[in-house]
Amino acid sequence: MDVMNRISRWIQLLAFALVCGVSAVAEIQSVGIAGDGEYTRITLASTTPLEPLVALGGDEALGLIKVQPSHFSIDPHIYLGEPVGGVIAYTVKADHILFELEIPMMVVRELDLPPTGSEVLYRYVIDLSAVSETRFLHAVRSDTTVFNGPPVLAAPSLPEAQTVAAVIEPTEAVLTEASAAAPSPKPWSLMRMTELAATQRRHTVVIDPGHGGRDPGALAVNGGQEKDIVLKTAQILKTLLEEDPRYDVRLTRETDIYVEHEDRVSMAREWGADLFISLHADAALKPHIFGASVYTISTRGERRIEGTANRFGWEIPIEDGTSEEVSGILEDLVLRETKSNSAIFAEDLVPELEKAGPLLRNTHRQGNLFVLLAPDVPAVLVEIGFLTNTTDSRRLKSNSGRTKSAQAIKRAIDTYFNRQDQMLASN
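Just so we're clear, the structure is a prediction, and the values are computed from it rather than from any experiment.

1. Some thoughts on the sheet that holds strand 1 (residues 26–35)
- Taken in spatial order, the five strands line up as 5-1-2-9-8 in an open sheet, and their pairing is mixed. On the outer flanks of this sheet lie strand 5 (72–80) and strand 8 (105–113), each paired with one strand and no other. Neighbour to neighbour, the strand axes of the sheet diverge by 25 degrees on average, direction disregarded.
- By the bridge criterion, five bridges tie strand 1 to strand 5 in an arrangement that is parallel. Bridge pairing in strand 5 links A26 to F72.

Encoded structure:
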């Protein structure tokens, strides 16, 4: 897990914000875009922090993302990357940048990154993820005021020569009104970035087969116990993941033993887990209820995290010498990112589980579950079906049914970490 690296970046950003009350005029030097459609990243590089307002607009026929930095100008030799992924075109104007979307997408994360190492520029990163048309339109309605609001440009005396009004289309050459020098080389391809990131870092995945030992879990309607079914599924998933050199895979139990809930979470943190997946099979009083579901932490569960973390010593690592105020902010950022990544993985998992078998209605659910309480490990609990339903039980007691569930989870893990690798490469 890369918590310390993320915290170091946040410390640099917070230190800059505390020292500099108002930033100087930021000169945008490049606009880069990378992605595959399901996921797209926009990166704006500038001489000082941009601090933009970002809002969705448009309708089902034309999705738009408006980026309005304050106090900014345009480098006469700005590099404008080609639109790819979910961005079909964009326009750079004196007071904003407008991105046209090829498919409905939402902003899932914004990162304000300071210079690091050989990177001398500030970068504002906007991560987009494909969503349903209904969800997109709901987000547009929420952003209406910001999207249609007045320009936030606070430097009206910008020289006319620094204004760029170039519409960048996928099939057209990149043009600007003032370009005395050739643009810098284009970013590497998405595939190359992913390959490079994969060679640099392995991802630790912890699989937690629920119950075990004295705790059998749910009893199958046609014979069998949850603890055995989920252990066999976890072992299949472990084998699938170990075939991929990107993954370091751990099981919280490999035999029929009972592991306390707090020990399962502690193991994941000690192993430096990048993702924690607890496997279960559900039960219901009504035998006609069936289908898989995924749980992430609920609001009530979130309120337990601090007390539970203090009780079991699950401290978020903060560099020595960091002030109490900044430490509190950093811990909050880690908690938010953990919750966000848990939800992102759950959304990746739902459509894959549907390929393996039926889904429970409202598939992505929230729960106050102990194994989801780690403050710094993205975590989900997966119910692969109902053992009290004859069809689900028959499916999960068969090796082919368990394999399909494991394959579905493996595909979602690949999707999740492919996205993470792309983000790492573009940083």
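2. Section: helix 8 (residues 390–397)
- What helix 8 keeps buried is the set D392, S393, R395 and L396. Down the axis of helix 8, the smallest arc covering the buried residues is 160 degrees, so these residues share one side. Residues T391 and R394 are exposed on helix 8 and point more than 90 degrees away from its buried face.
- Where helix 8 begins, the capping side chain belongs to N389, and its oxygen is found 3.1 Å from the backbone nitrogen of T391.

3. Let's talk about unusual backbone geometry
- Positive phi is not limited to glycine here, since E51 has a value of about 50 degrees.
- Within the secondary structure, E51 is located in the loop between strand 2 (39–46) and strand 3 (53–58).
- Positioned with a positive phi, N362 is a non-glycine residue whose angle comes to about 55 degrees.
- In this structure, N362 sits in strand 15 (residues 359–367).

4. Remarks on the nonpolar core
- Among the nonpolar cores identified, the biggest contains 39 residues, and I207, I277, L279, F345 and I413 are the most heavily contacted of them.
- For this core, the secondary-structure elements that each account for two or more residues are strand 11 (203–209), helix 4 (226–242), strand 12 (247–251), strand 13 (275–282), strand 14 (292–297), helix 7 (324–356), strand 16 (379–386) and helix 9 (399–426).
- Setting aside anything within four residues of it in sequence, one finds L279 in contact with I207, D208, P209, G210, V230, T233, A234, V382, I384 and I409.
- I28, I33, I78 and V92 belong to the second-largest nonpolar core, a separate cluster that totals 30 residues.

5. Regarding the sheet that holds strand 12
- Overall, mixed pairing links the six strands, which are arranged 12-11-13-16-14-15 in an open sheet. Two strands in the sheet have a free side with no partner beyond their single neighbour: strand 12 and strand 15. On average, each strand axis in the sheet is tilted by 20 degrees relative to the strand beside it, whichever way the strands run.
- Both strand 13 and strand 16 contribute to a ladder of six bridges, which runs parallel. Across the sheet, the residue bridging to L279 is V382, located in strand 16.
- Contacts from helix 7 reach strand 13, strand 14, strand 15 and strand 16, with the element oriented near 175 degrees to strand 14.

6. Some remarks on helix 7
- In a regular helix each residue adds 1.5 Å, so 33 residues correspond to 48 Å; helix 7 covers 48 Å between its end C-alpha atoms and thus fits that length.
- Along helix 7, the sharpest kink reaches roughly 25 degrees, centred on V350 and followed within four residues by the proline P351.

7. Topic: the packing of aromatic side chains
- Here the structure, examined in full by the defined rule, presents seven aromatic pairs.
- Plain terms: the ring middles of F312 and W314 are 5.4 Å apart, the flat faces sit at 25 degrees to each other, and that makes the pair stacked.
- By way of ring pairs, the aromatic residues Y247, F345, Y416 and F417 are connected into one cluster.
- The positively charged end of K66 is found above the aromatic ring belonging to F147, 5.6 Å away from the centroid.
- Across from the ring centre of Y258, 5.8 Å away, lies the NZ or CZ of R264, which sits over that ring.

8. Re the pattern of salt bridges
- Tallied over the entire structure, the rule returns 17 salt bridges.
- Ionic pairing is found between D256 and K227, a salt bridge with its closest N-O pair at 3.1 Å. Taken together, the residues D256 in the loop between strand 12 and helix 5 (261–270) and K227 in helix 4 connect sequence positions 29 residues apart.
- Here D392 ties to R395 by a salt bridge, and the two come within 3.1 Å at their closest N and O atoms. You can see D392 and its partner R395 sitting in helix 8, three residues apart, about one turn around the helix. The residues D392 and R395 share a single accessibility class, namely buried.
- In this structure, a network of salt bridges that share partners links the residues D244, R246, K410 and D414.

Reading guide: rules and limits
- Residues numbered from 1 in each chain as written.
- Predicted model: local features only at pLDDT ≥ 70, side-chain atom pairs only at ≥ 80, totals over all residues.
- Heavy atoms only, no water.
- Pairing = 2+ DSSP bridges.
- Helix = DSSP H or I, 4+ residues; strand = E, 2+ residues; numbered from the N terminus.
- Axes fitted to C-alpha atoms, helices over the stretch in contact; angles between N-to-C directions.
- Buried < 20%, exposed > 50% of the residue type's maximum accessible area, 1.4 Å probe, protein only.
- Arc of directions from axis to C-beta.
- Polar contact = N/O pair within 3.5 Å; in protein donor to acceptor, adjacent residues only side chain to side chain.
- Core = buried A, V, L, I, M, F, W, Y, C linked by side-chain atoms within 4.5 Å.
- Contact = heavy atoms within 4.5 Å.
- Expected span 1.5 Å × (residues − 1).
- Bend = angle between axes of the 7 residues up to and from the residue.
- Phe/Tyr/Trp six-rings, centres within 6.5 Å; stacked < 30°, edge-to-face > 60°.
- Lys NZ or Arg CZ within 6 Å of the ring centre and 35° of its normal.
- Salt bridge = Lys/Arg side-chain N within 4 Å of Asp/Glu carboxyl O.

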